[in-house]
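Structure at a glance
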Amino acid sequence: MEADPYDVAPCSSLAVSSIVNVGTAGAIWGLCSAPHDAHKFGLTGIDRAGFVANSVARCTFQCALIAGISTSVHCGMQRYRGKDDWVNGLVAGAMAGGAIAALSRSWKQVIPTACLVSALKIAADYGRKNVNTS
C-alpha cells in the first residue's frame, strides 16, 4: 500500500502541487465558461477577448488559492497534531470556505460556505482513504 502523501512530502511541495493541478483545472473551467458568458453579454472583438482573459485569470486564481489554503492547512494540522483524522479536513475546509466567501465579499455567507466546504473536504478525505486498490 502506498504511503500517505502528507507523511512523505513537505507541506510546501504538496501545496505547490495542488495549486498547479487545481489552478490548471480552474483555467480550463474559465476557458470553457467564459466564451459562453461573453456571448450571453453580447461582447465581440477586443471586449470579448478581454472578458475571456479576465474570467480565465479569475477562475485560475480562485481555484489555486482555495487549493493552496486547503492543502497547506490540512498538512500543517496533520503535522502539528500528529494525527490523520477528520478534524484536519474540517479545519482545512473551513479555512478554504472562508476564503471563498471572503473573495465574494458576501460576509453573511462566510459560515455557511465554510460549513459546506468542510463537509465536502471531509467526504473527499473519507473517500480517498477508503478506496480499495486491489
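Residues numbered from 1 in each chain as written. Predicted model: local features only at pLDDT ≥ 70, side-chain atom pairs only at ≥ 80, totals over all residues. Heavy atoms only, no water.

Section: the overall build of the protein
This is how it is decided: The way it works is that DSSP assigns letters per residue, a run of H or I at least four long becomes a helix, a run of E at least two long becomes a strand, and they are numbered from the N terminus. Accessibility throughout is a Shrake-Rupley quantity obtained with a 1.4 Å probe, and a residue counts as covered only by protein chains that appear here. Charge assignment: positive for Lys and Arg, negative for Asp and Glu; neither His nor the chain ends contribute. One atom stands in for each charge, and that atom is NZ of Lys, CZ of Arg, CG of Asp or CD of Glu.
The helix and strand inventory of the protein stands at five helices and zero strands. Listed N to C, the secondary structure of the protein is α-α-α-α-α in terms of helices and strands. Seen along its three principal axes, the alpha-carbon backbone of the protein occupies a region of about 55 × 35 × 25 Å. Accessible area of the protein: about 8500 Å², with a carbon and sulfur share of 67%. Here the protein contributes 11 positively and 8 negatively charged side chains, and the mean placements of these two sets differ by 8 Å.

Quick word on the state of the cysteines
Put simply, the rule is: The criterion for a disulfide is a pair of cysteine sulfur atoms lying within 2.5 Å.
Enumeration according to the criterion identifies one disulfide in this entry. Each sulfur in the disulfide pair cysteine 11 and cysteine 75 lies 2.0 Å from the other. What sets the handedness of the cysteine 11 and cysteine 75 disulfide is the S-S torsion sign, and at about -80° it is left-handed. Pair noted here: cysteine 11 is in helix 2 (residues 11–40) and cysteine 75 is in helix 3 (residues 45–81), with a separation of 64 residues, a long-range link. With no disulfide partner, cysteine 32 has as its closest neighbouring cysteine sulfur the one in cysteine 59, 10 Å distant. Between cysteine 59, a cysteine without a disulfide, and cysteine 63, which holds the nearest cysteine sulfur, the sulfur-to-sulfur distance is 6.2 Å.

Section: the pattern of salt bridges
We count it as follows: Each reported salt bridge corresponds to a side-chain nitrogen of Lys or Arg within 4 Å of a carboxyl oxygen of Asp or Glu. With a 1.4 Å probe rolled over the protein chains alone, any residue whose accessible area is under 20% of its type maximum counts as buried; one over 50% counts as exposed, and the rest are partly exposed.
Under the definition given, this model contains two salt bridges. Measuring nitrogen to oxygen at the nearest pair gives 4.0 Å for the salt bridge that ties lysine 40 to aspartate 37. Placement of the pair is lysine 40 and aspartate 37 together in helix 2, with a separation of three residues, close to one helical turn. What makes lysine 40 exposed here is its relative accessible area of 57%. Note that aspartate 85 and arginine 81 form a salt bridge whose closest N and O atoms lie 2.7 Å from each other. The class for aspartate 85 is partly exposed, based on a relative accessible area of 23%. Accessibility expressed as a relative area gives 27% for arginine 81, which makes it partly exposed.

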